[in-house]
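Analysis of the macromolecular model
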Amino acid sequence: MPEYDEQGVDAFIDLRSPYSYLALKPARLLAERSGCRFDWWPFITDLRSAYGGDVGERSRRDEAKIRYLYMDCRRLAGRQGLTIRSTTRLWDATLGSQAMLFAKSRDRLWEFCDPVLAAFWRREFDLESPTALEAALVSAGLDVHDWRAWLDARAPAELATALARAEALGVFGAPSFIYRGELFWGSDRLDLLAATLDPAKPWCF
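Here's a quick rundown of the structure.

Cut-offs applied
- Residues numbered from 1 in each chain as written.
- Predicted model: local features only at pLDDT ≥ 70, side-chain atom pairs only at ≥ 80, totals over all residues.
- Heavy atoms only, no water.
- Phe/Tyr/Trp six-rings, centres within 6.5 Å; stacked < 30°, edge-to-face > 60°.
- Helix = DSSP H or I, 4+ residues; strand = E, 2+ residues; numbered from the N terminus.
- Buried < 20%, exposed > 50% of the residue type's maximum accessible area, 1.4 Å probe, protein only.
- Lys NZ or Arg CZ within 6 Å of the ring centre and 35° of its normal.

Regarding the packing of aromatic side chains
Within the structure shown, the criterion is met by 13 aromatic pairs. Ring centres 5.1 Å apart and planes at 85° place the aromatic pair W40 and W110 in the edge-to-face group. Separated by 70 residues along the polypeptide, W40 in strand 2 (residues 37-42) and W110 in helix 5 (residues 109-120) bring together distant segments of the chain. Between the aromatic rings of F120 and W121, the centroid separation amounts to 5.0 Å while the plane-to-plane angle is 80°, which identifies the pairing as edge-to-face. You can call F120 buried: its relative accessible area is 3%. The rings of Y21, Y70, W91, F120 and W121 are connected pair by pair, giving a single aromatic cluster. It is R28 that lies over the ring of W110; its NZ or CZ is 3.9 Å from the centre. The cationic tip of R89 hangs over the ring face of W91; the distance from NZ or CZ to the ring centre is 3.8 Å.

In structure tokens:
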């Protein structure tokens, strides 16, 4: 088990996970209201195993499950004023996750993630495009030369460290939140996390 901050929460999100997207606003609100530090990390789910392979390879049951998943996410997104459109293929989140870690390391995490994820879930952003990700980092106020140097020198190792941390903490899906070694999986478990952070305070998401 890796060391964790006794007073903080390790928060893992998959950029391609609609439930991760839905968890961001309430989780950040929880961090603000509780005063608890959330340390955000990327996670890359094995979507092929979870959802029956690539588009066109899935069983009728897997297709029904995915149709329901997106219907459910659209209903939940409406409550937050968000748009979620179903993806048309299984995206490779490697480069996007590396860009997330770079933005985090330069204290521009949400300046990068918020517009990227909003556009991605409208089907207006190519998560695998080096050009699109570079432009998003620049729009977030980051230096392109700094990004390219970091990408060449540190990106694979930084992502491997983040994923190894997730595995060591028992993370198997996203979003996941770990507080003092206790795992809370899914955006619908934030109420339990909130109660654990401060049992005396009523929370409503």
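Considering unusual backbone geometry
In this structure, P175 follows A174 across a cis peptide bond, with omega equal to 5°. Of note, P175 is situated in the loop between helix 8 (155-168) and strand 3 (176-179). Phi at R123 is positive, roughly 65°, even though this residue is not glycine. Looking at R123, the relative accessible area reads 41%, which means it is partly exposed. The phi angle at R180 is positive, at roughly 50°, despite the residue not being glycine. For R180, the location among the structural elements is in the loop between strand 3 and strand 4 (182-185). We classify R180 as partly exposed; its relative accessible area is 41%.

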